[in-house]
Every structure is written in structure tokens, then in C-alpha cells.
Amino acid sequence: MADVPPRSLVPQMRLDELLSELQVRLEAVLATRDRVHALLDAVVAVGSDLDLETVLRRIVETATTLVDATYGALGRIGEGSTLVQFVPVGLSEEEIARIEHWPHGLGLLGLLIKEPRPLRLHHIADHPESYGFPPGHPPMGSFLGVPIRVRGEVFGNLYLTEKRGGGDFEEEDEAIVVALATAAGVAIENARMYEETRRREVWLQASSEVTTTLLSGAGSHEVLTLMARRAREMSGADVAVVLLPAAGGEKLRVSMADGVPAEEVPAVEVVVADSLSGRAFTRGEPVVVTDLPETEIPAVISGHLQIGPAVAVPLGAAGAVRGVLSLGKRSGRIPFSQSHVRMLHSFAGQASIALELAEAREDAERIGLLEDRDRIAKDLHDVVIQRLFAVAMTLMSSVRLVADRPEAHSRLQHAIDELDGTIRQIRSTIFALQAPPDDAVPALRNRIAELVEDARGHLGFMPGLRMEGHLDVTVPPELGEHLLAVLRETLSNVVRHARAGRVDVTVEARSGTLTLVTQDDGVGPPPSGGRRSGLRNLADRAARLGGTFTVEAAEGGGTRVTWRVPLRCV
């Protein structure tokens, strides 16, 4: 007979099988318990922070850990059912740099947006909706996608790929991620509510600060600088720029910036017709983009920062826009929400008030200055000149009384001549006071005085200067430029060639003629036939303008240069 195992061994073998099965089930229960504990810990971790961007990244990191995914991402859905933000995890900086652009929400990701329900795949490329990866994106196989809902609306989708070990995501993985997504929706809502509360608090503080600054009489530059800084802080932007219209109104120039060092802010201008800021300036409404061109403000002043989301807010209502507040965030950050834009638009309205108040204050100061100048001009004309004129007349009547005393006669005549010159100088000052100030272009009188003042450093002494007539009013701008060029050249000639100890400059605008006379006590005019090229240029300039130019020996030594042209020659 064949050997038969002892009867006592059969129950023992069955018991071993049952114990092994029990051990497997216990291990499964323990593993499930561990995953549940891990899920609970993850829920607590996700909800422990109130910064929205930190919460989103923590959600992705936690999800990849729970299901052993190599890569993870959270795509936030914006207007038009597209992805406005992409938060990746598992990619190195080098891998991120090689990706040409983040997904826009097409193909398989677009399917999750259109049909927000969990989706598990063995291989992404096998799905008929697969659209492929952006250039530079690393290859990925297994896939698990789960929507995240906030108050019943889809906030975005959680994407997990490449399960470690090469396997597929299982049903249990899906259940865990779905549970995490539910907790994530609550954490996101809490973070958004906290962010909104903080934003309103900061907005109230900033509004109060700007209002106080306005009422204190601060200048527009100080108010706008404060407004740019506070707007950047309350919106979480990385850089804020204030742009004001440039001359002509076809461009906007950077007036001030916050978020970058002042020395790194270049004198940049953007064309109104071809820029984000220009569109806000023209329309009088905020303009928001999720990806700012590299040539746009504030991208060009952000240095090493790569600007993505941006918003341009007009300073003032449509038809009365006085400038633009432009803000930008680093690429990859959350775009500006509509609540952000509404808050910034309201806040920017205060800046426009600041500009209006500053302009009104400047207008009032200008009117006060003009009134003071007009009063001084009238006092000079009606009191000072009349009294000097009376003194001169008295002296003239006394000349004949000392006709037999040559020395006294000479002194009286010299005093009369000095009074006459003083009267002419005062009249010239009256003309200057009556000329309206132009902040954009310095007055011709001032520019002449600056040229003469500059010559003192080269001559070693201050030249004399006399100006007569309404130079700032009657001399056309183009003719004024000719006059300045001639004066500059004649003074240069005196410095280089005359070896003079005294120089007198006279500029007159009267009887339809503009005259410039420069006289020195130097070595005299160049010999005949030795005219310098600079003098020839001055003669040619006078001839083109229908005038005359002469160089002659001055009485008592030196050179007298006369440049005379018609006032209406241009």
C-alpha cells in the first residue's frame, strides 16, 4: 500500500493556509489603515495654511505622496474653460526650463474640464482625446485625473502621472485622491475667504493712508509712489509701475515703479496704440492678461523676473484718463482675479484725484506767481521807471548849468547814460515778468542767461549781459535756436582767440529786427583775408535768414560782432 500521511497532519496544513490568508488580510487591513491615517494627515496638512498658492502646491505634493506618483500638477480653470494656472510637482528646474509652454487645457486635459469626473488610464497616449505634450515636456504614461470642486463649482483638476514601480493607478488610489480633492476644496475656499478678508483690510488701510496723504497737501509724485507700493502689496504683485502720458500723448512713459530698485528703472516709453497699458489708457477700463509680452511694462523693468499675469488699470474715468497703473506677477503665479481688478480700479480712482488736486494746486500756484509778477512789473513801470526818468530829466536840465566845467559836465552825462541804461534794463525785466512761464521749454531769456553764465568758467570773469524787448514773445522758437547757436559760437571765439578781460553781450528785439552784439576788449578782429570758418558760418546763417553779419574793431580796442536778422524770417 502507498504511504498515507498521518491523519494528524491534514488539519495542520489547513490551519497553515488559513493563517497565511489571515496574515494577508491583516496586512491589507494594516495597509489600508496606514493609507487612511496618511490621508487624514494629508487633509490636516492641506488645511493648515491660509495662503492660497501655498495650499495649491501642498495639495499636489500630498497627492503625489499618497499614491506614489512621480509627477503631479494642479490646473486651475479660468474664463473660457482654459487653464489659467498650472502648479507642477516632481519636475526639476532644468526640466521646467525645457518645456516650451504649460498645457492650455486642450486634448485630454480639456476632456477633464468638459467632463469633470475621475479618470484613470494605463497610458495617456492610448486615449483618443490625447493631444500630446508641449515641446520639451518629459514623457508620461499612467494617469489619474480628479476634479477639485469649491462650493459645487469646478475650481480645477488634479493630475497625477507615472506611478512609481511602473504599475497603474488602482481604484483605491482614485478613492484616496477623490477624498483628498474634497478636503482640498474646503482648504481652497478657506484660503480664498482669508485672502479676500486680508485684501479688504489692506485696501481699507491703503485707502485711508492715501486719503491722509492727499489731505496733507503732498505732491502728486509722493502720492503716486505710495499708491504704487500699496497696490502691489494688496494685489500680491511682484512689480507695479505708474505710467503717465509723454509729450504728444502717443506714448506712455514710466513715472515710477515699485518692486524693483530705483536705479534699475529705465526711462522706458510704450506706444499707446500697441501696448497693454495703452489699451487701458484709451478705453478707460482695466485690461487683464495671463501672459505678458517681454516687451511690455512691467516686464522690461522686472530684471530677472519672468512676468506672466498682468493687469493695467486706468487712473481716471473714460475720457479723462490721466495715467495707468500696471502690475505684474511672476510667470506661473495665480492670475489677477476679478475682485482684485475691481479693488485696484477703485483704488486707482484715488490716484486720479491726487493728480487732479496736484494739477489744481499747481495751477493756483502758477496763477499766484503770474499775479505777483504782474504786480511787480506794474510797480517797476509805474513807480521805479518814472522816478528814474524824472531824475534823468533833472540831471539833463542841469547839464547846461555846468557847460563851462568839462569835468562836471562829463560826470553828469555819464550819470544820465547810466540811468538810461538802467531804465532799459528795468524795461527788459518788465518784459520778462510779463512773459508767461513755460515749464516744458525754458524761456529764451533764461537760455541766453545760461549761455552767458556758462562762459564765465572759460573766460575767468562774468560777461556783461543786456536784453531788451519782448524776446520770449516776439522771437519765434526756430529763430531763437539760431540766436543761441550764434551766441554760443561768438562766445567760443572770444574764449579761444580774443584774450579779453571784458565782454559785453547785448540782445535786442525791436522794430521787427533781432540783433545780437558781442563786444570784447581783446586783441581785435582777425586780419583781412584771415576770416575763421566759425565766422563764415555765422555770416552764412545770417544770410540764409535775410540778415547781416559784421565783424569790426571796437572803439578803444577789441572786437565788435553784430548779427542782425528780421524777426519774421522763419
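Here, every reference points to the structure presented above.
So, here's what we can say about the structure. (Residues numbered from 1 in each chain as written. Predicted model: local features only at pLDDT ≥ 70, side-chain atom pairs only at ≥ 80, totals over all residues. Heavy atoms only, no water.)

The first and last C-alpha atoms of helix α6 (residues 220–235) sit 22 Å apart over 16 residues, in line with the 22 Å expected at 1.5 Å per residue. Within the span of α6, buried status applies to Val223, Leu224, Leu226, Met227, Ala228, Arg230, Ala231, Met234 and Ser235. Two residues or fewer past α6, Gly236 is found with a positive phi of approximately 75°. (Helix = DSSP H or I, 4+ residues; strand = E, 2+ residues; numbered from the N terminus. Expected span 1.5 Å × (residues − 1). Buried < 20%, exposed > 50% of the residue type's maximum accessible area, 1.4 Å probe, protein only.)

Before going further, it helps to spend a moment on the pattern of salt bridges. The full count for this structure, using the stated rule, is 16 salt bridges. A salt bridge links Asp238 to Arg330; the shortest N-O distance between them is 2.9 Å. Of this pair, Asp238 sits in the loop between α6 and β6 (239–245) while Arg330 sits in strand β11 (residues 324–330), and the two are 92 residues apart along the sequence. Using a relative accessible area of 12% as the deciding quantity, one classes Asp238 as buried. The exposure class of Arg330 is partly exposed, given its relative accessible area of 39%. With a closest N to O distance of 3.4 Å, Arg466 and Glu508 form a salt bridge. One end of the pair, Arg466, is in strand β12 (residues 464–468); the other, Glu508, is in strand β13 (residues 503–510), with 42 residues separating them in the sequence. Arg466 sits in the partly exposed class, given a relative accessible area of 24%. Among the charged side chains, a salt-bridge network with shared partners connects Arg466, Glu468, Glu508 and Arg510. (Salt bridge = Lys/Arg side-chain N within 4 Å of Asp/Glu carboxyl O.)

Below, the discussion takes up the packing of aromatic side chains. Geometrically, a pair of aromatic rings is defined through the distance of the ring centres and the angle of the planes. Per the stated rule, a full pass over the model turns up one aromatic pair. Taking NZ or CZ as reference, Lys329 lies 4.7 Å from the ring centre of Phe336, over its face. (Phe/Tyr/Trp six-rings, centres within 6.5 Å; stacked < 30°, edge-to-face > 60°. Lys NZ or Arg CZ within 6 Å of the ring centre and 35° of its normal.)

Right, let's talk about the packing of helix α10 (residues 444–459) against helix α12 (residues 477–498) for a bit. Between α10 and α12, the shortest axis-to-axis distance is 10 Å and the interhelical angle comes to 15°. Judged by the inter-axis angle, α10 sits roughly parallel to α12. For the pair α10 and α12, the crossing hand works out as right-handed. For the pair α10 and α12, contact is made by Leu444, Arg447, Ile448, Leu451, Val452, Ala455, His458 and Leu459 and by Gly480, Glu481, Leu483, Leu484, Leu487, Arg488, Leu491, Val494 and Val495, respectively. Considering only residue class, the contact of α10 with α12 consists of twelve nonpolar, two polar and three charged. (Axes fitted to C-alpha atoms, helices over the stretch in contact; angles between N-to-C directions. Parallel < 35°, antiparallel > 145°, perpendicular 65-115°, else oblique. Left-handed = near helix turned anticlockwise from the far one by under 90°. Contact = heavy atoms within 4.5 Å. Nonpolar A, V, L, I, M, F, W, Y, C, P; charged D, E, K, R; others polar.)

Grouped together as the largest cluster of nonpolar side chains are 34 residues, with contacts concentrated most on Ile448, Leu471, Val507, Leu514 and Trp563. Ranked by residues supplied to this core, first place goes to α12 with eight residues. Grouped together as the second largest cluster of nonpolar side chains are 29 residues, Phe155, Ala187, Ile188 and Ile334 included. (Core = buried A, V, L, I, M, F, W, Y, C linked by side-chain atoms within 4.5 Å.)

Taken in spatial order, the five strands make up an open sheet running β12-β13-β14-β16-β15, and their pairing is mixed. A single partner strand is all that each edge strand has here, and the edge strands are β12 and β15 (548–553). Taking each pair of neighbouring strands and ignoring which way they run, the sheet shows an average axis angle of 10°. Strand direction decides the pairing type here: strand β14 (residues 513–520) and strand β16 (residues 559–566), joined by eight bridges, are antiparallel. Pairing of Val517 across the sheet is with Thr562, part of β16. Together, β12 and β13 form the strand contacts of α10, whose direction differs from that of β12 by roughly 170°. (Pairing = 2+ DSSP bridges.)

All right, on to the sheet that holds strand β7 (residues 251–258) then. Read from one edge of the open sheet, six strands run β8-β7-β6-β11-β10-β9, paired in antiparallel fashion. One side of each edge strand has no neighbouring strand; the edge strands of this open sheet are β8 (269–271) and β9 (287–289). With direction set aside, neighbouring strand axes in the sheet form an average angle of 25°. The pairing of strand β10 (residues 307–314) with β11 spans six bridges and is antiparallel. Among the inter-strand pairings, Val313 is bridged to a residue of β11, identified as Leu325.

Within the secondary structure, Arg447 is located in helix α10. Since its relative accessible area comes to 25%, Arg447 is described here as partly exposed. Residues Arg447 and Glu481, 34 residues apart in the sequence, show an inter-C-alpha distance of 9.9 Å.

Another aspect to go through is the pairing of β13. Taken across its eight residues, β13 has six buried, putting it largely inside the fold. Bridge analysis of β12 against β13 gives five bridges, and the strand direction is parallel. Within β13, the position partnered with Arg466 by the bridge is Thr506. Pairing between β13 and β14: eight bridges, direction antiparallel. If you follow Val505 over to β14, its bridge partner there is Thr518.

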